[in-house]
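# Commentary on secondary and tertiary structure
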Amino acid sequence: MQPDYDPVHDLVEGRAKLLANGDALSAAELRAALLTLHEHWLVQRADELGITAGSGMAIMAVGGLGRRELLPHSDLDLVLLHGKGAPSGIAEIADRLWYPLWDAHVQLDHSVRTPAQALAVAAEDVTAALGMLELRPIAGDTELAGGLVGSVYAQWRSGIRNRLDELAEQAHERWERVGEVAHRVEPDLKHGRGGLRDLQLLSALAAAQVINRTPGLSEHSPGGGLPRAHALLLDVRTELHRVSGRARDVLRAQDADEIAVALGRGDRFTLARELSDAARTVSYSVEVGLRTARSALPRRGLATLRRAPVRRPLAEGVVEHGGEVALAKGVRAGTDPALSLRVALASARTGLPIAGSTLNALADAPPQEAPVWPRPMLANFLALLGTGRAVIGSIEALDRADLWCTLVPEWSTVRDLPPRDAAHVWSVDRHLMETCAYAGSLTTRVSRPDLLLVGALLHDIAKGLPGDHSEVGAEMIQPIARRMGLPEADVQTLSAMVRHHLLLPVTASRRDLNDPATIEAVVDAVGGDRVLLELLHALTEADSRATGPGMWGSWKASLVEQLVSRCRLMTRGEPLPEMEPLSVEHRALAEAGKLSVTLEPATTDTPMLVRVVAPDAHNVLAAAAGVLALHSLRVHSASVREHAGAAVDTFMVSPRFGSPPDVALLRQDLARALRDDAELAQRLAAKEATYGEHATDGTESRVLWVDEGVGPAVLELRAADRTGLLYRVAAVLQQRGVQIEWARVETMGSSVADAFGLHLGDADTPVLRKELTAAVLAVTR
């Protein structure tokens, strides 16, 4: 019998009222209210359609409704189940259930199945099987519904042996495709590694009875373990739906602040830190869960004759047991301060994971903190840091059990700390682990590999604290190093490493390396200490590689090598190389007043070189930079020289993508640009529009002036990268009659730090600098 009212009206109106209530309901309260509303409506509708007890029909919920995790804009996933003796008009009943929802634009996934059909679908497709595990009866024939749920679980348990590999493969493909929730600037809360989909995977493994409900980290673990992580992920996704008004899974930066406030988490950085902790807890638990499930699979055939796992000694008090690193029999945690390090080292060296029970035992009985580490403890610590990429997994395992902070309490300042710089792809603690891992491959380049590894691990330890993190970190590392038992001379070297860990990359990329004052400043900063210089050289490479893709390449490596080489010469009292004189060919071209453009391909040691000779030095730098940008060539540096009134400029470049342009085309466009600057500006603007770039992208541009007492004044511009930025800055400086002696361009992700050596002469005044600052900032907007 048809109802005399719009059957879906109450549902739609109820949803609208709940979502319009704004902050009246917490995320959990909103989910509960939505769940009650939908279940009530479905029960009422089922009764109207005759889907009742003993009817041979049942409404089953899947997805968010099935899990009791209904979010503001979740789809409704429903199955109309019917038995063999179902009414002949099942199709009509289904239409009368679905059509009102469709008419009201409620997002609906639906199906009509018999129990046999549902089981057949679950048997054929593992994704469908995972969904079936969330089946929950809402209304109708409870016996029919309960029978299907029992059969789905029984089928899942009996088939898990053949499906575990596929489950693990699907998870790894998803992680590879989406990335980690803990480290993405804009994480996918549902599909990312450590996200909600992984929690569903754990539930599926628990349903197969191959793991318990909370593998690895329980609610009694530090930080609340898996249940707390689950609640936070769910709350953030709920607020994301509410704030965005859509069924979004990716937490965008522009929504994060509002969500943080709604959840009482301060700002987006605080939220990101807590989210990172939660995601890493989930990620670790899934790793343990998959491993535990594989070990728990029932044996078949000859495997049933296999002997029970034996214990193989790995270190004092540490053994391999069942493919995991575990404590030897009789070993008591809490009495040996180096035990957790030996466990971690054994794991890193063998590649075997640390057993969850071992981590829990170590966490339950932490040793009393020693004022100074015993010598063997320091040896194990250094050996662990030197295991390359394996060190990351071992530190991560100790940290998830809150054991790492018992060794290095200062680690809590950087734990899960999100990066403030878009060029960094990792959280600060993970960046430190990555730097240490890269440093492990560079230990043979330095005379003190132990100091390199410790410095790599702790060089950013003060990030997140007030003040310059290099200066604050230099003070912080001293008590840490003394507690480790390092001699005072090594403590001071480590402190200097932390203080100056940005000295080489910043100087190499933003200063004139041909200027002896630049070299002298670096030598003075390191106190003429060649060992420190060597350590900083290796740390620079490890730090850059650990920052993100594209942060270390042949160009940057050659600049740092050039700087270090010249510093070594100065410390030995040997003369510095002078600037290479102009070639006979270029002098002749300049004297003849001809326009010339040459392109030298990249080699192993040097990037691509573009050399420009133009009759009139005026505006050549800007015009050439604009033409290079027009042809998608990224400029790394530019040197400007003059001979016989002509410009002889050299650009180090690399293609943004594809092959380099034809040099004849470069020459032709440069000739046009020198005749008509307005046309070049229009073509660059058109190119920028084509790529959809925005002038500032929300990044505040900054200009800094650096004076070293000698040589040119250095103007440093920090801004969002955009097509033709070097052209715009050079043009505006040259329009004001400023002579540019050299330029350095460093791109870090979506930002740049460009340095310009300017000859201001007697015109150098605060007023002029203020005007130049304003002019440069204006062209970045």
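As shown above, the structure is provided for reference.
Since the model is a prediction, treat every value here as computed from it, not as a measurement. (Residues numbered from 1 in each chain as written. Predicted model: local features only at pLDDT ≥ 70, side-chain atom pairs only at ≥ 80, totals over all residues. Heavy atoms only, no water.)

### A closer look at the pattern of salt bridges
Under the counting rule described, the total for this entry stands at 45 salt bridges. Residue Asp165 is joined to Arg294 by a salt bridge in which the shortest nitrogen-to-oxygen separation is 2.7 Å. Residue Asp165 is located in helix α7 (residues 142–178), and its partner Arg294 is located in helix α11 (residues 268–296); the two are separated by 129 residues in the primary sequence. A residue is classified by how much of its surface remains accessible, and Arg294, at 40% relative accessible area, is partly exposed. Its salt-bridge partner being Arg611, residue Glu600 comes within 2.9 Å of it at the nearest N-O pair. Taken together, the positions of Glu600 in strand β8 (residues 596–600) and Arg611 in strand β9 (residues 608–614) put the pair 11 residues apart, joining distant regions of the chain. Taking relative accessible area as the criterion, Arg611 reaches 23% and is therefore assigned partly exposed. (Salt bridge = Lys/Arg side-chain N within 4 Å of Asp/Glu carboxyl O. Helix = DSSP H or I, 4+ residues; strand = E, 2+ residues; numbered from the N terminus. Buried < 20%, exposed > 50% of the residue type's maximum accessible area, 1.4 Å probe, protein only.)

### Focus on the pairing of strand β11 (residues 646–655)
Counting buried residues along β11, 7 of its 10 residues qualify, which places the element largely inside the surrounding structure. Bridge count between β9 and β11: 7 bridges; the pairing is antiparallel. In the strand pairing of β11, Val613 is matched with Val648. Here 10 bridges tie strand β10 (residues 633–643) to β11, and the two strands are oriented antiparallel to one another. For Glu642, the partnering residue across the bridge sits in β11 and is Ala647. What sits between the antiparallel neighbours β10 and β11 is a turn of 2 residues, in which Ala644 has the positive phi angle 55°. (Pairing = 2+ DSSP bridges.)

### Here we look at the state of the cysteines
If you walk through the whole model with that rule in mind, you get 0 disulfides. Here Cys436 is not cross-linked by a disulfide; its sulfur's nearest cysteine counterpart is in Cys405, at 16 Å. Note on Cys436: relative accessible area 0%, which makes it buried. (Disulfide = S-S within 2.5 Å.)

### Thoughts on the packing of helix α2 (residues 27–49) against helix α4 (residues 90–103)
The contact between α2 and α4 brings their axes to 10 Å, and the two run at 145°. Read as a crossing pair, α2 and α4 show a hand that is right-handed. Between α2 and α4, the residues in contact are Trp41, Arg45 and Leu49 and Ile93, Arg96, Leu97, Pro100 and Leu101, respectively. (Axes fitted to C-alpha atoms, helices over the stretch in contact; angles between N-to-C directions. Left-handed = near helix turned anticlockwise from the far one by under 90°. Contact = heavy atoms within 4.5 Å.)

### What to know about the sheet that holds strand β6 (residues 318–321)
The 3 strands are arranged β5-β6-β7 in an open sheet whose pairing can be described as antiparallel. Only two strands of the sheet have a single neighbouring strand rather than two, namely β5 (311–315) and β7 (324–327). In this sheet, adjacent strand axes meet at a mean angle of 40° when their direction is disregarded. Both β5 and β6 contribute to a ladder of 4 bridges, which runs antiparallel.

### Quick word on the sheet that holds strand β4 (residues 136–140)
The 4 strands lie next to each other as β3-β2-β1-β4, forming an open sheet whose pairing is mixed. Each of the sheet's edge strands pairs with one partner strand only, and the pair in question is β3 (108–113) and β4. With direction set aside, neighbouring strand axes in the sheet form an average angle of 25°. Of the strand pairs in this sheet, strand β1 (residues 57–62) and β4 are connected by 4 bridges, and their pairing is antiparallel. Of the residues in β4, the one forming a bridge with Met60 is Pro137. Across the face of the sheet, helix α5 (residues 115–124) comes into contact with β2 (76–82) and β3 while running at roughly 120° to β3. Relative to β1, α7 is tilted by about 45°, and along the sheet it contacts β1, β2 and β4.

### Considerations on the nonpolar core
Phe381, Trp404, Trp411, Leu457 and Leu458 are the most contacted members of the largest nonpolar core, which has 89 residues in total. With 61 residues, the next largest nonpolar core counts Met132, Leu133, Leu201 and Leu205 among its residues. (Core = buried A, V, L, I, M, F, W, Y, C linked by side-chain atoms within 4.5 Å.)

### Overview of the pairing of β2
Extensive coverage of β2 is indicated by the burial of 7 of its 7 residues. Burial along β2 is two-sided: the face carrying Leu76, Leu78, Leu80 and His82 and the face carrying Asp77, Val79 and Leu81 are both buried. Examined bridge by bridge, β1 and β2 share 6 bridges and lie antiparallel to one another. Its bridge partner being in β2, Ala58 is matched across the sheet by Leu81. Pairing between β2 and β3: 6 bridges, direction parallel. Looking across to β3, one finds that Leu78 is bridged to His110.

### Some details on the packing of aromatic side chains
Per the stated rule, a full pass over the model turns up 4 aromatic pairs. Between Trp404 and Trp411, the aromatic rings sit 6.0 Å apart at their centres with planes inclined by 85°, giving edge-to-face as the arrangement. Here Trp404 matches Trp411 in class, with each residue buried. In textbook terms, an aromatic cluster arises when at least three aromatic residues are bridged by ring pairs, as seen for Trp373, Phe381, Trp404 and Trp411. Positioned above the aromatic ring of Trp175 is the side chain of Arg193, whose terminal nitrogen or guanidinium carbon lies 4.0 Å from the ring centre. Above the ring of Trp426, the side-chain terminus of Arg430 is found at 4.2 Å from the ring centroid. (Phe/Tyr/Trp six-rings, centres within 6.5 Å; stacked < 30°, edge-to-face > 60°. Lys NZ or Arg CZ within 6 Å of the ring centre and 35° of its normal.)

### Some words on unusual backbone geometry
At Asp402, a residue that is not glycine, the phi angle is positive and equals roughly 65°. Note that Asp402 resides in the loop between α15 (390–400) and α16 (404–407). We classify Asp402 as partly exposed; its relative accessible area is 29%. Phi at Asp416 is positive, roughly 60°, even though this residue is not glycine. Mapping Asp416 onto the fold places it in the loop between α16 and α17 (428–440).

### Remarks on a negative patch on the surface
On the surface, a cluster of negative charge is contributed by Glu124, Asp125, Glu166, Glu169 and Glu173. Examining the composition of the negative patch, we find that 3 residues originate from one element, α7, more than from any other. Along the chain, the position of Asp125 falls in the loop between α5 and α6 (126–132). When its relative accessible area of 35% is taken as the criterion, Asp125 is described as partly exposed. (Patch = residues over 30% accessible without salt bridge, like charges linked within 9 Å, V, L, I, M, F, W, Y side chains within 5 Å. Areas by Shrake-Rupley, 256 points an atom, 1.4 Å probe, with all protein chains shown as cover. Lys, Arg positive; Asp, Glu negative; His and termini not counted. Charge placed at Lys NZ, Arg CZ, Asp CG, Glu CD.)

### Section: the side chain of His537
Among the secondary structure elements, His537 is positioned in helix α23 (residues 530–547). With sequence-adjacent residues up to four places away left out, His537 is seen in contact with Leu504, Val560, Glu561, Val564 and Arg568.

### Focus on the environment of Val612
In this fold, Val612 is placed in strand β9. Considered as a pair, Val612 and Ala629 are 17 residues apart in the sequence and their alpha carbons are 15 Å apart. If sequence neighbours within four positions are ignored, Val612 has contacts with Ser596, Val597, Val620, Ala624, Ala647, Val648, Asp649, Phe651 and Leu670.

### Structural notes on α15
Along an α-helix, residues three or four apart share an orientation, since each turn contains 3.6 residues. With respect to burial, α15 is a largely interior element, 9 of its 11 residues being buried. All of the buried residues along α15 are Val391, Ile392, Ser394, Ile395, Glu396, Ala397, Leu398, Asp399 and Arg400.

So, to be careful, I would describe these as geometric facts and stop short of saying anything about function.
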